[in-house]
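Each chain, written out:
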2 protein chains.
Amino acid sequence: MKNSIKSLVAICMMAWLMPVAALAQQALWGGSKIVSPEIHDDNTVTFRLQAPKAVKVQVTGDFLSEGVADLVENKEGVWEYKTPQPLAPELYSYTFLVDGLKMNDPNNVYMIRDVVTVTNVFIIGGERADLYKVNKVPHGTVAKVWYDSPSLGLSRRLTVYTPAGYETSGKRYPVFYLLHGMGGDENAWSELGRATQILDNLIAQGKAEPMIVVMTNGNAALEATPGESSLGWEAQPTFQLPKTMEGSFEAHFPEVVKFIDKHYRTKAGKKFRAIAGLSMGGFHSMHISKQYPDMFNYVGLFSAAILPGRDAKSPVYEDLEGKLAVQFAKRPALYWIGIGKTDFLYKANEEYRKLLDAKGYPYEYFENEDGHIWRNWRIYLSEFVPRLFK
Amino acid sequence: MKNSIKSLVAICMMAWLMPVAALAQQALWGGSKIVSPEIHDDNTVTFRLQAPKAVKVQVTGDFLSEGVADLVENKEGVWEYKTPQPLAPELYSYTFLVDGLKMNDPNNVYMIRDVVTVTNVFIIGGERADLYKVNKVPHGTVAKVWYDSPSLGLSRRLTVYTPAGYETSGKRYPVFYLLHGMGGDENAWSELGRATQILDNLIAQGKAEPMIVVMTNGNAALEATPGESSLGWEAQPTFQLPKTMEGSFEAHFPEVVKFIDKHYRTKAGKKFRAIAGLSMGGFHSMHISKQYPDMFNYVGLFSAAILPGRDAKSPVYEDLEGKLAVQFAKRPALYWIGIGKTDFLYKANEEYRKLLDAKGYPYEYFENEDGHIWRNWRIYLSEFVPRLFK
């Protein structure tokens, strides 16, 4: 009886799979058992692609010093490349080039979009990279929330992280506003930036205070990340967005803070607010924090774009030095600058630090290798967050 | 002065893009201006792929009656296929086959994963398909939330939709529990099922009551959707999961309800609770609703798997008829069954309806074309939701 039920279930299970859309069938039944990427115990990694008709298969990724490596074909038409050295702990991205045509790894469903480019991803654990993993720790809630901006004339989407326990603790929490760079959106920090995992892990380790993190969309002309707005799926993402770095996002920021203070159990007031951003988001954080000097006690500039605004006439960009004088006279608890040695914005940041030094405005400075890349922004986030609200 | 600032900004903008990872540069600067898919005014659609070295390029998708169509190459190495007929309003998926190798459309960043298969997607608007679009209506909040399940011994992830206005209304809301099928997870209904958009739009049109929607993960051995659990990115999704349809998910369901009633402003009590699911989720909904006959007033079986459970000894699957008698004696407000004419589960559902008929248990029945596909589940969701909590 038991066996016959088991057989019936097995048959039913097979029957279940058959009517699934043709595409799925193909992957399920026609698909190979290829493992790619395979992370070996010593942290070398093998990439594989079944492509029997291909003439040349390459892998391109941020772990390759030359940027690209050739795969070699075996008798079954499976191409393979193994890294000659173990990879250091990090989140890496890659894609295949098949006879020059970029394609994602069909054996790895994990992909992240960076502006218009979708790449496969994997993590080599250990050291700081363990912060980027989902670990068995209490998890915060990540919500996609819409707020109305009267000044921008739009309903707009936010990502809001509330720490584990928020829903039932009855407590109030400090708020950290975390801003993306050009081409990014309200999804960038939680996807490319692993902000959810970094916060979960740092809080669980007792290294960061439980806090709310608000990830805005800094493109003032847009409602939301591509695909989640009324522009629909016809609109593909682009760098060439209107209304960035021309003052309107910065000017509207109190609308965001007001919304968050109304909708969440926040500790309101400057003492309990932080703002930081990468690249364009660093530019935004710099201008917002000096434009509204009573709003943020902690400021982080990650590879910040220290540039003139697009619309130099915006009141937001007027009188930089006068506004900085007001901001620093109010003694912010932390003004933090992080940049990589080869960042194309290094020189602009150096000039800005000279200005701060000349005025005697205190700041913390963190300099490391490499340039304008997400690896650095994850590092800066994990350095900045433990310094907040202590 | 203004012009020189503009030039400086332009130069800075270009400089910004250059240090971005090599992959992004390639797409930004080396990439073509190809539009794919292009939805024409008459709802025909053109697909394009630049692949000058390819011998054969095909598109495979759920809008093709033959399942696959050949693209034709032009002089610039761009392959093209235009649908001979306009497509009916619907959410469609597709992928390219380049010399037999499946690849996603590099000019369309919108993709959805269905178990192990990632496909590109697009929407032809109009009629019911407008419910699947993000429209300019008030938007609910979608949150990824973790709850502890003592009986399963796991912290587990949920998707929770709260309707627009929830945060500040002070009101209590009814709750609809919405369950996925085999191979799915807590992301399936909000991604493949467009549940967020369907709810936003039906509520905005006054056709559905504002409600909380809770989308669970029905794989009792798992914490979360692939990639969001402590299994990490090494674990690729699979159909072959342990602890599905063997009673433990169904048995633990009161833990979910208790969590939701504690963490959200719910209208607690049977009168204000609904449960529905597709395929395996229909199986779960059937068993949960009869196992806990005082819990749900509205029940929806969408292409439900009317099958024996894997573990026939689970108390959940014992005495089906006796438990149905108790459930229907308590007169649920709605017992709704939807299935497509060519569904491989049609006959099993027919048998089940005969049982209900023989006992005189009332239910609503919705039958339409096609089979065991997401197109039908979106339709069933949009039919079911307006019937709730009225």
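All values derive from a computational prediction rather than experimental measurement.

Along its length, chain A carries 10 helices and 18 strands. In terms of overall dimensions, chain A has a C-alpha envelope of 75 × 55 × 45 Å along the principal axes. Within chain A, the fraction of its 390 residues that count as buried is 49%. Contacts in chain A between residues at least 24 apart in sequence constitute 72% of all its contacts with a sequence separation of at least 6.

Let's shift gears to the packing of helix α7 (residues 280-291) of chain A against helix α8 (residues 320-329) of chain A. A pair of packed helices is characterised by two quantities: the angle between their axes and the separation of those axes. All names here are of chain A. Between α7 and α8, the shortest axis-to-axis distance is 8 Å and the interhelical angle comes to 70 degrees. With respect to α8, the axis of α7 lies roughly perpendicular. Here α7 contributes S289, K290 and Q291 to the contact with α8, which in turn contributes K323, L324 and Q327. For the contact of α7 with α8, the per-class residue count stands at one nonpolar, three polar and two charged.

Attention now moves to the pairing of strand β10 (residues 117-124) of chain A. Residue and element names in this part refer to chain A. Counting buried positions along β10 yields eight of eight residues, so the element is predominantly enclosed. Two strands pair when backbone bridges link them, and strand β7 (residues 90-98) and β10 are joined in this way by five bridges, in the antiparallel orientation. Across the sheet, residue Y92 finds its bridge partner in β10, namely F122. In the sheet, strand β9 (residues 111-114) pairs with β10 via four bridges, with the strands oriented antiparallel. When the bridges of β10 are listed, M111 appears paired with N120. Following β9, the chain reverses through two residues before pairing antiparallel with β10; V115 in that reversal takes a positive phi of roughly 55 degrees.

Glancing now at helix α9 (residues 346-359) of chain A. Its 14 residues place the ends of α9(A) 20 Å apart at the C-alpha level, agreeing with the 20 Å of an ideal helix rising 1.5 Å per residue. Once α9(A) finishes, A:G360 follows within two positions and takes phi at roughly 75 degrees, a positive value.

Quite often, the size of an interface is put as the accessible area lost when its parts meet. Residues and elements named next belong to chain A. Examined at the domain level, chain A breaks down into domain 1 (32-125) and domain 2 (132-387). Relative placement of domain 1 and domain 2: their C-alpha centres are 33 Å apart. Contacts between the two partners involve eight residues from domain 1 and, on the opposite side, 11 residues from domain 2. Listing elements by their share of the side of domain 1 that touches domain 2, those giving two or more residues are β7 and β9. Across the side of domain 1 that touches domain 2, the residue classes tally to five nonpolar, one polar and two charged.

Membership of the largest hydrophobic core comes to 186 residues, with the highest contact counts inside it found for A:L178, A:V213, A:V214, B:L178, B:V213 and B:V214. For B:L178, the contacting residues outside a window of four places in its chain are B:W189, B:A195, B:V213, B:V214, B:M215, B:A276 and B:G277.

On to the sheet that holds strand β1 (residues 38-39) of chain A, then. Residues and elements named next belong to chain A. In space, the four strands of this open sheet follow the order β1-β2-β6-β5, with antiparallel pairing throughout. Each edge of the open sheet carries a strand with a single partner, namely β1 and β5 (72-73). With two bridges connecting them, β1 and strand β2 (residues 45-50) associate as antiparallel partners. Bridge assignment links I39 to a residue of β2, and that residue is V45.

Looking at the element boundaries, B:R331 is found in the loop between α8 (320-329) and β17 (334-340). With 154 residues separating them in the primary sequence, B:R331 and B:Y177 have C-alpha atoms 19 Å apart.

Let us look at the packing of helix α5 (residues 195-204) of chain B against helix α10 (residues 374-384) of chain B. All names here are of chain B. Across the interface, α5 lies against α10 with an axial gap of 10 Å and an inter-helix angle of 30 degrees. When the axes of α5 and α10 are compared, the pair comes out roughly parallel. Classified by chirality, the crossing of α10 by α5 is right-handed. Of the residues in α10, those touching α5 at A195, I198 and L202 are R378, L381 and S382. In terms of residue class, the contact of α5 with α10 is made up of four nonpolar, one polar and one charged.

To continue, consider unusual backbone geometry. Residue A:P37 is reached from A:S36 by a cis peptide bond, and omega for that bond is -5 degrees. One can find A:P37 in the loop between α2 (22-30) and β1. We note that B:D99 has phi near 50 degrees; this positive angle belongs to a residue other than glycine. Here B:D99 shows up in the loop between β7 (90-98) and β8 (101-103).

On to the sheet that holds strand β5 (residues 72-73) of chain B, then. Residues and elements named next belong to chain B. The sheet built from four strands is open, its strands ordered β1-β2-β6-β5 with antiparallel pairing. On the outer flanks of this sheet lie β1 (38-39) and β5, each paired with one strand and no other. In this structure, strand β2 (residues 45-50) lies alongside strand β6 (residues 78-82), joined through five bridges in antiparallel fashion. Note that in β6 the partner of F47 across the bridge is Y81.

Calculation criteria
- Residues numbered from 1 in each chain as written.
- Chains lettered and ligands numbered in written order.
- Predicted model: local features only at pLDDT ≥ 70, side-chain atom pairs only at ≥ 80, totals over all residues.
- Helix = DSSP H or I, 4+ residues; strand = E, 2+ residues; numbered from the N terminus.
- Buried ≥ 20, exposed ≤ 12 C-beta atoms within 10 Å, placed from the backbone.
- Contact = placed C-beta atoms within 7 Å.
- Axes fitted to C-alpha atoms, helices over the stretch in contact; angles between N-to-C directions.
- Parallel < 35°, antiparallel > 145°, perpendicular 65-115°, else oblique.
- Nonpolar A, V, L, I, M, F, W, Y, C, P; charged D, E, K, R; others polar.
- Pairing = 2+ DSSP bridges.
- Expected span 1.5 Å × (residues − 1).
- Domains from an automatic or database assignment.
- Core = buried A, V, L, I, M, F, W, Y, C linked by C-beta atoms within 7 Å.
- Left-handed = near helix turned anticlockwise from the far one by under 90°.

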